[in-house]
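Structural overview for review
What follows is the residue order along each chain.
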Amino acid sequence: MSLLGPVAPATLLAAGYALLLLAGAVGLGLWSRAAHARHRAAAPREAEREAPPLAPWPHAEIAHFHHGLALMLVLLAGCIAVVGLARHHAGADWLVLGPVLLLAAGAAYWLLPAFLAVHRLLP
Amino acid sequence: MAHYAARRDLIVSKGWVQAGILVTLFGFTVLGWLAYRAHTAAPPIPARVVDPAGNVLFTGADVIAGQEVFLRNGLMEYGSIFGHGAYLGPDFTAETLRREALAVRDSYGGATDQAQARTVDDFKTNRYDAATGTLVYTAGQAAALAEVQRYNTNFFSEPSTLNGLRPSAITNPEDLRQLTAFFSWSAWAAAAQRPGKDYSYTNNWPPEPLVGNQPTADNLVWSVLSLIALLGGIGLLFAAFGRWNFLGWHGREQRTLTFLAPGEVALTPAQRATAYFFLAMVGLFLLQTLVGGASQHYRADLSNFFGVDLARLLPYNLARTWHVQLAILWVATSYLAAGIFLAPMIAGREPARQSWLAYGLLGALVIVVVGSLSGEFAGIHGWQTPLWAWFGNQGFEYLDLGRFWQILLSLGLFAWVAILYRGMRARLTREHHGNMPWLFFFAALAIPAFYAVGLLARPDASFTTTDYWRFWVVHLWVEDFLELFTTIMVAYIFVLLGVVAERVALTVIYLDVVLYSAGGVIGTMHHLYFSGTPAEHMALGAFFSAAEVIPLTFLTVEAWSFLQLGAVQEAKARTPFPHRWAVMFLASVGFWNFLGAGVFGFLINLPIVSYYEIGTALTANHGHAAMMGVYGMLAVALALFCLRYLIPAERWSDRAAKISFWSLNLGLAWMCFATLFPLGILQLYESVSHGYYEARTLKFLTSDFNAVIEWLRLPGDAVFIVGGVLPLLYLCWLGVRHRVRRVTTEEPDHPLFTEVTVPAGEPG
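The paragraphs below set out a description of the structure included in this document. (Residues numbered from 1 in each chain as written. Chains lettered and ligands numbered in written order. Predicted model: local features only at pLDDT ≥ 70, side-chain atom pairs only at ≥ 80, totals over all residues.)

Our focus in this paragraph is the overall build of chain A. Regarding its fold elements, chain A presents 4 helices and 0 strands. Put simply, chain A runs from its N terminus to its C terminus through helices and strands in the order α-α-α-α. Split into buried and exposed, the 123 residues of chain A put 38% on the buried side. Within chain A, residue pairs in contact and separated by at least 24 positions form 82% of the contacts whose partners lie at least 6 positions apart. (Helix = DSSP H or I, 4+ residues; strand = E, 2+ residues; numbered from the N terminus. Buried ≥ 20, exposed ≤ 12 C-beta atoms within 10 Å, placed from the backbone. Contact = placed C-beta atoms within 7 Å.)

Here we take up the interface of chain A and chain B. Interface size, as often reported, equals the accessible area lost upon joining of the parts. Contact residues are listed per partner, giving 17 residues for chain A and 18 residues for chain B. Of all the elements, helix 3 (residues 59-87) of chain A adds the most residues to the side of chain A that touches chain B, at 11 residues. Tallied by class, residues from the side of chain A that touches chain B come to 13 nonpolar, 2 polar and 2 charged. (Nonpolar A, V, L, I, M, F, W, Y, C, P; charged D, E, K, R; others polar.)

This part is about the pairing of strand 2 (residues 56-59) of chain B. Residue and element names in this part refer to chain B. By the bridge criterion, 3 bridges tie strand 1 (residues 48-50) to strand 2 in an arrangement that is antiparallel. Bridge pairing in strand 2 links Arg48 to Thr59. Between the end of strand 1 and the start of strand 2, which pair antiparallel, lie 5 residues, with Gly54 showing a positive phi angle near 95°. (Pairing = 2+ DSSP bridges.)

We now examine helix 13 (residues 436-452) of chain B. Residues and elements named next belong to chain B. Between its terminal C-alpha atoms helix 13 stretches 25 Å, which fits the 24 Å expected from 17 residues at 1.5 Å a residue. Listed as buried for helix 13 are Met436, Pro437, Leu439, Phe440, Phe441, Ala443, Ala444, Ile447, Pro448, Phe450 and Tyr451. Where helix 13 is buried, its residues touch helix 9 (316-347), helix 12 (403-428), helix 14 (463-496) and helix 15 (502-523). (Expected span 1.5 Å × (residues − 1).)

What follows is about unusual backbone geometry. Residue and element names in this part refer to chain B. A cis amide bond, omega 0°, links Trp205 with the succeeding residue Pro206. Following the sequence through the fold, Pro206 ends up in the loop between helix 6 (173-191) and helix 7 (217-243). In this structure, Phe306 is a non-glycine residue whose phi angle is positive, near 45°. On the secondary structure map, Phe306 appears in the loop between helix 8 (269-300) and helix 9. You can call Phe306 exposed: it has 7 C-beta atoms within 10 Å. Notably, Arg353 is not glycine yet its phi reads approximately 60°, a positive angle. The topology assignment puts Arg353 in the loop between helix 9 and helix 10 (354-380).

Put into structure tokens, the structure is as follows:
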């Protein structure tokens, strides 16, 4: 099978939808970061000296949830890419879905530390 | 203190009350006119249908009897008719139309232009004579009818569970003949032109090129106009918020509160009784998710449930019947309990023996639930008696329960209102009818009143008029009046917690009434674009239901303001805010209101989209995200609020509430994004590119590719059930096992908080 053989239509659908989910996840992550930063700036200063900066409840909790939801979308995108590759794994399919998997890994790498940091701080 | 009980004045401007009444009256006046039109312009049921030689093919009585065969066998929870029903089986209108049209075209010589033109003419020409009540089928149509009957006989008498129905579901030849008559009548109404119009009784639905069915001008024009209504409405909403900044939630920021810790709040006997309601609620919720998982499995693997032939015991239509009935029942149980819980806090006291009434109501509820679910089991398994519609399976989607149980449930809901009235009577006599206690009572009264309207849907009446009244329950009752009642309850909770001033809460309630009524009442008709109602139902339904997205956006903005209030109070209060997870569930209601009801709802709201989409996974996508996302999460929020006081502080588990919150939300999001949404888009694409009939066939649904998408849903379902429902079960069990023992019948002025006067100089 040649490396650049025809790509299965299912592969293209899977890649397109996975990218859409990744875009949604990154958007959610960026939005919750911006919201979190805004509320953190408004938090009382003395609180910052005692504990690491955390937006007041429930904004921190909501931001945390949005990060969790974004991570779920990344996981789903990854699952779709893996299932796509399990069904069609010619070279061309790898060429399309491989980068999607890398992007999903990158998005997870970007989202996970913020998620875990807030997770440790929340009561 | 005076000896007479002077009524407290209205605490908001009279204009709010007038606006609320006017907008509601307007909505119901239009809806009343549309009821008249639905009854007078429904497709006629001919007294007899004859072939060109005058031989009777079937009668009007056969059509109604066939509709009853359809309903009592639970086929509306398997496939659909006029697009309404379940989504595993075919749409029987579209399928019959396709089979009849193919047979007629073959009789004219097959796929030639001439045969095609004659086929269109056969189906489009309306040969019904109102004077004699006679409808004449062409020779081709008469022959096609016999062929469709042969097909139906094979399909419904299939001796295995191959199609997800019980083995040999319908074998009686007379039943099969009448069922075919009902399907054929619906296919006739879908293609024959309305007198004086150039489109069919169903506004040319379903799309079927073989009979010349394509979107009507009304369909396209009102789709565009409803988009404009949406854009204009959202613009107006934001303009109004900018212009009048008193709209929306504003906190009582000057005050510092001490929230009474759970355990310090003494409960009344009726409040303590609600612990058992919540245990019943979570039991029904668990059962709902389990049968939901089973019905989803049918879509992933039709005839094999992990090695078990499940359909022998729990065929798809029974699983789905229970799934949609329980969705209403568990959510309603939570709302009933929350109403009983709040009443003494609103009234300030509780009359003697109120708890006996509450336990009596719970007993009645258990009887209705067990009775109706058993009746549905018996009905769908074919243990039918002449009283099937009364005690068995009435069979309308969402009104599946037998009529006896439906009446009993309506009476039970009225009894609940009477219980609330009894509890609040002393307070009500001291209040203006436009103030919060009365609004709470009126909104509660609307719940049994609008549920009882569902009794107008009758298995032996024309499907069109029946469907009109059914949607008064499915839409008006669920989407408008339950939502209104919960808005008032949530507003009251925040007033009782001291977070919001009563005046602000009341303003928001009136604003909600105006916004809901403006769009939601007439918007009910967005379910009835293609059920045989005339074009005005589609026009007004599309236009006004687009305006429904506006209050949904407003509610999302509201939810954010709620959070702001929570944040302010958390920072100022001297005791921890006891309702972290109840408020988080309310926040998720805001999220799902926007995504599930707003975005996913509007996705299928335009008539031109609905034309190709109705009865596909995109409807299920909206149904799950809106029904569970909004009403389900609200029910859980209310349960957690009450349970927090029912469970002693040292027994409460924030961890269980947290796990449930995460699992329910992520599980639901996974269901939607892994399966329902992408599958729905693929199905819509298939419907537009190949045909609506094709998109609804088992062949398409169970194709390899789609089966993979269905299987992808499994992790979401598992997380939802195991991580979402089981921790709730644990909390509700704690509520029953360790109910707080402090009992009172008199409530203080502020039952849930005390106000702290802060000395000057001390940080608040």
